[in-house]
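Survey of secondary and tertiary structure
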Amino acid sequence: VTRAFLLSALALALAAPAGAQIIAITGGTVALGDGSAPVQGGTVVIRDGRVVAAGQGVAVPAGAQVVDATGKWVTPGLVAGFSRLGLVDVDAVAGSNDQSSDGPFSAAIDVAPAINPNAAPVAINRAEGITRAVVAPAAGKGIFAGQGALIDTGADGQPVTRARLFQFVELGEEGAEQAGGSRASAHVLLRNALREAGQISGGARTIRNEAGREPSDPRNDPVVANPNETRSYEARRNEDVLLTRFDAVALVPVVQGRQALVVRAQRASDIRQVIALKREFPALRLVIVGADEGWTVARELAASGIPVIASALTSLPGSFESLASTHSNVGRMRAAGVRVAIGTIDDDEQRMAFRARWYAGNLVGLAKVPGAAGLSWGEALAAITSAPAEVLGIGNEVGSLRPGRRGDVVIWSGDPLDNLSAAEAVFIDGVQQPLETRQTRLRDRYRTLERGALPEAYRR
Amino acid sequence: VRFGLAGVALAALVVAGCATTGSADKDQGERVAISPDPFPSTYQRYPGAPVVITNVTILDGEGGRIDNGQVYLADGRIQAVGQSVNAPAGTQTIDGQGKYVTPGIIDVHSHLGDYPSPAVAAHQDGNEATGPARPEVWAEHSVWPQDPGFSRALANGGVTALQILPGSANLFGGRSVTLKNVPARTMQGMKFPGAPYGLKMACGENPKRVYGDKGGPATRMGNIAVTRQTWIEAQAYKRKWDKYEADGGDVPDRDLAMDTLKGVLDGDIIVHNHCYRADEMAIMIDLSKEAGYKIGTFHHAVESYKIADLLAREGICSAMWADWYGFKMESYDAIRENIPFVDRAGACAIVHSDDPNGIQRLNQEAAKAMAAGRRAGLPITEEYAWRWLSMNPAKALGIFEQTGSLKPGKMADVVLWNGNPFSTYTRPERVWVDGALLYDVNNPRLRPVSDFELGNVGEGDVK
């Protein structure tokens, strides 16, 4: 915690009436993150960690700590739509890298206990205005990678906002490889897994919960919050099973439609198979990640209602499942009515989620390219704020400056989608965050190379 | 940095059918000579209509700027640049209102063609990871000219020339090749005429990781030992050939690996040294002096900011990213101000990609570095920052006499941007290479489509 951080926290405590902490950010160009265009001279009011009002003509409540953002831009904190933030400190240092595993489990894996809020990339992304991140495990053994979380990047050491937010499954080239070499095998494994989970779900009547009571109706049973719960030990299973008990139990919320099933699919035909899955298993809450060729099946995707988290700027046929890649993919899907968010997918997502704001800006720039499809500025900001939140069903919590959302707010030196701007203040849950990183410390140490009275190691 | 263009000599040796010395040396018999250029460039510029761009913001690549200026291109060359230029009446005119003209971007670090798209196993041709010292391999022999990445670098990135390097698995990775970003059926058809060769070297984690369980080197000290030992062999080889060239006698044994190292020792081949850490760069500088060569550029150079004064003194360029960090230990200490801090110290700073996506936005990488420098208190102008993208890389590749800035007489390698190229909102509008218009955002016929893409979904699409 920096000195500046303490001082601002102190100022807050002094300014706010007892029991309520109110921050009013005034005078800035305010963008709500909901797709609307930015407005000038807006005010954002955060009370007790939540947004209570944002926009033009918003009154500053009495007792509020006023932050003058005149000449600045104010947006919701950016949401990394797909990342591995917090799972890695240094990629090539195995001990600090918890993305994937060769261990015995797959769907049961839960990234939450592996999140390290002190990993350097967390602070570095925070300093770039990323306040929340969707964090997915990577497939290690089998097509199911496990359960991903929503985290915040705050400095309080409590990163997990929502554990087990979704299950992640590979159904493209990676899925085929994990399944032994073919997509057909991956699809059989998926259906078998859903069958096994369904049997557990159906048999849950006999399962006692931790308090020893029998749930009245398994279909109304809350999400299996934790695969380690003792009640899951006693689930009856027939003998024709491939999944471990924990993996099968972890998929119960998926088959019940209580937990999103995030499916990676890039190729047009793979996307169509996911759409078909929706017809076969209507209860599934499907989300597609990737969709490099999504624009070629955009109308079908839109009709299916399945939302997409896509890379913003793939343009290369990097593999045979991405032959149709184009920077216009997101814009074309959006124009067809697909709900699209931007994620960093196979794109240094352990560290570089902050690049998404420049990617979004590039999509705005496509408006000037004949034949290309991009996004409006408001849509582009939404693609890295509210859209990923809404795609995963947490749009009421984070991702915009609409009333009631968590007080995740960034004040920028300028247009946040352009290259020259920087985050100047970051609030998470209404708490102003330190923006120092290892990188800023090293910068300050080596600002001058002149020999001093002591070695560089004493400069700090 | 002085690397003569004539210095392509001693590139390779041709034992038979080669030139001989004259009759004056009859007493010594026919001398075996070395072919400097066994895979010669067949690149020929394409025709281009003369054109004048008016009312345009010009960044000349050397630090100069003209607002509302004019640029005149004809006969493959930059004819004139100024507030106004004299062009023959009737020359096609493009109104550049609200737009920028710059020299084409030059990427000193690309693996296009060697690690092409699609990135399938059959295409992984960038690392001859069969021994830590493989200077005998040449990156050009792996270049697949149908890599769709070249066209993206042109159309999205405004890249007009690029160096293709071997990877960094080896201490000596092999020779690099500099290409014009002009599609061709063969590698030779893209080869930048007269560009000197480079030698890719590497220090640090990669070689010891790759060879640690394959007989070594397994440590950084092992890396340095193998590197020094290899140079000792190269010095002996050079002595033998120098003696033969001076005195005749028995023809020394031929060694492809040593040919390349001899080329470095002769000052004809430029050393491009992959090196992240400041302490390792300092060791490589001493090593180069011991071995008798000069390092041209440290690539990746994540910690150059710690020794920018040393790099300035030694006249060594640093090719850097704007914000890459943390993917391995030796990139742990990256800072956003690396490029501007190196530049501030008077050392040569270059923005490089090492990436088929990054090469499409090198202008934006420069923008981020410029912005970080400004926030650190350095007043860096746009026209100054463009040196990181054109002049400095051209110098590092030994092609600055021909390209890399908008000076009359130079190759007309030019980009017209549809706005300020430091913005995310800006793209190339037109790209000329040697005066030929090879990309026009308004003309779908002027988009290169590689053989690989032809007949596949997305052929000829905006990318």
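Considerations on the nonpolar core
W231, M284, Y293, F298 and W388 of chain B are the most contacted members of the largest nonpolar core, which totals 185 residues. With near-sequence residues (within four places) excluded, W231 of chain B lies in contact with F172, L199, M201, L261, V264, L265, L287, A291 and Y293 of chain B. Ranked by size, the runner-up nonpolar core spans 22 residues in total, among them F166, F168, V287 and I309 of chain A.

As for the packing of aromatic side chains
Residues and elements named next belong to chain B. Applying the stated criterion across every chain yields a total of 20 aromatic pairs over all chains. Each ring, one from Y276 and one from W321, has its centre 6.1 Å from the other, and the planes form 40°; the classification is tilted. Linking Y276 in the loop between β10 (270-275) and α5 (278-291) with W321 in the loop between β12 (317-320) and α7 (338-344), this pair joins segments that are 45 residues apart in sequence. You'll find Y276 and W321 in the same group, each marked buried. Between W386 and F422, the ring centres sit 5.7 Å apart and the planes meet at 85°, which makes this aromatic pair edge-to-face. Residue W386 is found in the loop between α9 (382-385) and α10 (391-397), and its partner F422 is found in the loop between β14 (414-417) and β15 (428-433); the two are separated by 36 residues along the sequence. You can call F422 buried: its relative accessible area is 2%. Put simply, the rings of Y276, W321, W324 and F327 pair up and form one aromatic cluster. Sitting above the plane of the F341 ring, R344 keeps its charged end 4.3 Å from the centroid.

Considering the environment of R237 of chain A
Residue and element names in this part refer to chain A. As for its position among the elements, R237 is in the loop between α4 (183-202) and α5 (245-250). Note: C-alpha distance between R237 and R285 (48 residues apart in sequence) is 25 Å. Dropping the residues within four chain positions of it, R237 is found in contact with E196, I200, L243, T244, R245 and A248.

Brief notes about the sheet that holds strand β8 (residues 144-152) of chain A
All names here are of chain A. Read across the sheet, eight strands follow the order β6-β7-β8-β9-β10-β11-β12-β13 without closing on themselves; strand pairing throughout is mixed. On the outer flanks of this sheet lie β6 (78-83) and β13 (340-342), each paired with one strand and no other. Here the average twist between neighbouring strands, direction ignored, is 25°. As paired strands, strand β7 (residues 130-135) and β8 are joined by four bridges and run antiparallel to one another. Residue pairing across strands places R132 opposite D152, the latter belonging to β8. Relative to the sheet, helix α7 (residues 268-280) contacts β10 (260-265) and β11 (286-290), its axis offset from that of β11 by approximately 170°.

A word on the interface of chain B and chain A
With 57 residues of chain B at the contact, the number on the chain A side is 58 residues. Across the interface of chain B and chain A, roughly 4800 Å² is buried in total on both sides, 54% from carbon and sulfur atoms. Summed over the three residues of chain B that lose the most area to chain A, namely Y325, Y425 and R427 of chain B, the buried surface amounts to 17% of that side. Here chain B and chain A share four salt bridges between them. For the pair chain B and chain A, the interface holds 27 residue pairs in polar contact (both at pLDDT 80 or more). Here the side of chain B that touches chain A takes seven residues from helix α8 (residues 362-375) of chain B, the largest share from any one element. A breakdown of the residues in the side of chain B that touches chain A according to their chemical character gives 26 nonpolar, 14 polar and 17 charged.

With respect to the state of the cysteines
Disulfide: a covalent bond formed between the sulfur atoms of two cysteine residues. Residue and element names in this part refer to chain B. As enumerated under the stated definition, the model contains two disulfides over all chains in all. The disulfide partner of C203 is C275, and the gap between their sulfur atoms is 2.0 Å. Highlighted residues: C203 in the loop between β9 (198-202) and α2 (205-211) and C275 in strand β10, separated in sequence by 72 residues. Classification of C203 by relative accessible area gives buried; the value is 3%.

A word on the pairing of strand β5 (residues 100-103) of chain B
Where strand β1 (residues 51-59) of chain B meets β5 of chain B, two bridges bridge the pair, whose relative direction is parallel. Bridging across to β5 of chain B, I58 of chain B finds its partner in V101 of chain B.

Here we look at the confidence of the model for chain B
This prediction gives chain B a mean pLDDT of 94; 94% of its residues lie at or above 70. Reported confidences for the modelled complex are a pTM of 0.93 and an ipTM of 0.93.

A look at unusual backbone geometry
A cis amide bond, omega -5°, links S117 of chain B with the succeeding residue P118 of chain B. By the element assignment, P118 of chain B lies in the loop between β6 (105-110) and α1 (149-155). Omega for the bond connecting G216 of chain B with P217 of chain B falls within 30 degrees of zero, at 5°, which places this linkage in the cis form. With respect to the helices and strands, P217 of chain B occurs in the loop between α2 and α3 (220-247). The backbone of D429 of chain A sits at a positive phi, close to 50°, despite the residue not being glycine. Locating D429 of chain A in the fold gives a position in the loop between β15 (423-428) and β16 (431-432). With relative accessibility at 26%, the residue D429 of chain A sits in the partly exposed group.

Rules and cut-offs
- Residues numbered from 1 in each chain as written.
- Chains lettered and ligands numbered in written order.
- Predicted model: local features only at pLDDT ≥ 70, side-chain atom pairs only at ≥ 80, totals over all residues.
- Heavy atoms only, no water.
- Core = buried A, V, L, I, M, F, W, Y, C linked by side-chain atoms within 4.5 Å.
- Buried < 20%, exposed > 50% of the residue type's maximum accessible area, 1.4 Å probe, protein only.
- Contact = heavy atoms within 4.5 Å.
- Phe/Tyr/Trp six-rings, centres within 6.5 Å; stacked < 30°, edge-to-face > 60°.
- Helix = DSSP H or I, 4+ residues; strand = E, 2+ residues; numbered from the N terminus.
- Lys NZ or Arg CZ within 6 Å of the ring centre and 35° of its normal.
- Pairing = 2+ DSSP bridges.
- Axes fitted to C-alpha atoms, helices over the stretch in contact; angles between N-to-C directions.
- Buried area = accessible area lost by both parts, 1.4 Å probe.
- Salt bridge = Lys/Arg side-chain N within 4 Å of Asp/Glu carboxyl O.
- Polar contact = N/O pair within 3.5 Å; in protein donor to acceptor, adjacent residues only side chain to side chain.
- Nonpolar A, V, L, I, M, F, W, Y, C, P; charged D, E, K, R; others polar.
- Disulfide = S-S within 2.5 Å.
- pLDDT = per-residue confidence, 0-100.

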